[in-house]
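Coordinate inspection notes
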Amino acid sequence: NAGVTQTPKFQVLKTGQSMTLQCAQDMNHEYMSWYRQDPGMGLRLIHYSVGAGITDQGEVPNGYNVSRSTTEDFPLRLLSAAPSQTSVYFCASSYSSSGGYEQYFGPGTRLTVT
Amino acid sequence: SQQGEEDPQALSIQEGENATMNCSYKTSINNLQWYRQNSGRGLVHLILIRSNEREKHSGRLRVTLDTSKKSSSLLITASRAADTASYFCASNYKLTFGKGTLLTVNP
């Protein structure tokens, strides 16, 4: 198993541009989520999904969209990039949304918005 | 709001010493998990303790949970330089994290 994969690893955007961060898992996990991590901070939850076709907002959803058309993929879309969205983005997945299961994290995407 | 808050924010010890990190949380939990993050990398799951458990061991790791105080501790025994990392606690499935404890183990 490849686990949780994220692409790209690095990205530089100009203010106002849009892009999609890709996340995929091959473990047939039900639950997937996106976090952002800023320097000296913990991870903050952006959006999450408890299964295909179901998504919900986390702590900091503004400026981001998600969809979950398949179990495997959970892309994160930045609609109009802003410098405040400069961060490292992590995708994670877990066997179940019922709790009690470890989450597997991807290697992260480092995004810079100029 | 952050469900898990780790303490201390930074901890520096010598190889071979024990390291203890604490976590406090605000609302009731089903389980609490500890994760490690090496610089620039994704988080790696270390151990999960359920709300009906008081202590759990995994190798050199020992985790305790006190639901009456809404707190947990992570003990790493006989630390190694490779244990240098940030450590985070988080609860339930919609994990929310604190800022973590940065552990530095000096050779």
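Along every chain, residues carry numbers that run from 1 in the direction the sequence is written. Lettering of chains starts at A and numbering of ligands starts at 1, both following the order in which they are written. Only residues with pLDDT of at least 70 get local features here, since the model is predicted, and only at 80 or more are side-chain atom pairs given and counted; chain-wide, interface and lining totals rely on the full set of residues. Just so you know, side-chain values use all the structure's heavy atoms and leave hydrogens and water out.

1. A short note on the pattern of salt bridges
All names here are of chain B. Formally: Any Lys or Arg side-chain nitrogen located within 4 Å of an Asp or Glu carboxyl oxygen qualifies as a salt bridge. Exposure classes here rest on a 1.4 Å probe applied to the protein chains alone. A residue is buried below 20% of its type maximum, exposed above 50%, and partly exposed in between.
Taken as a whole and judged by the stated rule, the model has four salt bridges over all chains. Ionic pairing is found between R62 and E55, a salt bridge with its closest N-O pair at 3.0 Å. Residue R62 is classed as partly exposed on the basis of its relative accessible area, which comes to 29%. For E55, a relative accessible area of 41% puts it in the partly exposed group. Note that R60 and D83 form a salt bridge whose closest N and O atoms lie 2.9 Å from each other.

2. As for the interface of chain B and chain A
Heads up, the condition is: Any two residues whose heavy atoms approach within 4.5 Å are treated as being in contact. Two parts placed together each lose some accessible area; with a 1.4 Å probe, that loss summed over both constitutes the buried area. Think of a polar contact as two N or O atoms within 3.5 Å of one another; within protein, one of them needs to be a possible hydrogen donor and the other a possible acceptor, and neighboring residues in sequence only count if both atoms come from side chains.
Every contact between the two is made by 20 residues of chain B and, on the other side, 22 residues of chain A. In total, about 1700 Å² of surface goes out of reach between chain B and chain A, with carbon and sulfur atoms giving 54% of it. Counting the contacts that link chain B with chain A gives zero salt bridges. Summed over the shared surface of chain B and chain A, the result is three residue pairs in polar contact (both at pLDDT 80 or more).

3. Re the pairing of strand β3 (residues 19-25) of chain B
Residue and element names in this part refer to chain B. The condition is simple: Helix and strand assignments follow DSSP, with helices taken as H or I runs no shorter than four residues and strands as E runs no shorter than two, numbered in order from the N terminus. Two strands qualify as a pair provided that DSSP identifies no fewer than 2 bridges between them.
Across the two faces of β3 the burial differs, with A19, M21, C23 and Y25 buried and T20, N22 and S24 not buried at all. Where strand β1 (residues 4-7) and β3 come together, four bridges link them in antiparallel fashion. Note on β3: the bridge partner recorded for E6 is C23. Looking at chain direction, β3 and strand β8 (residues 71-76) are connected through six bridges and run antiparallel. Pairing of T20 across the sheet is with L75, part of β8.

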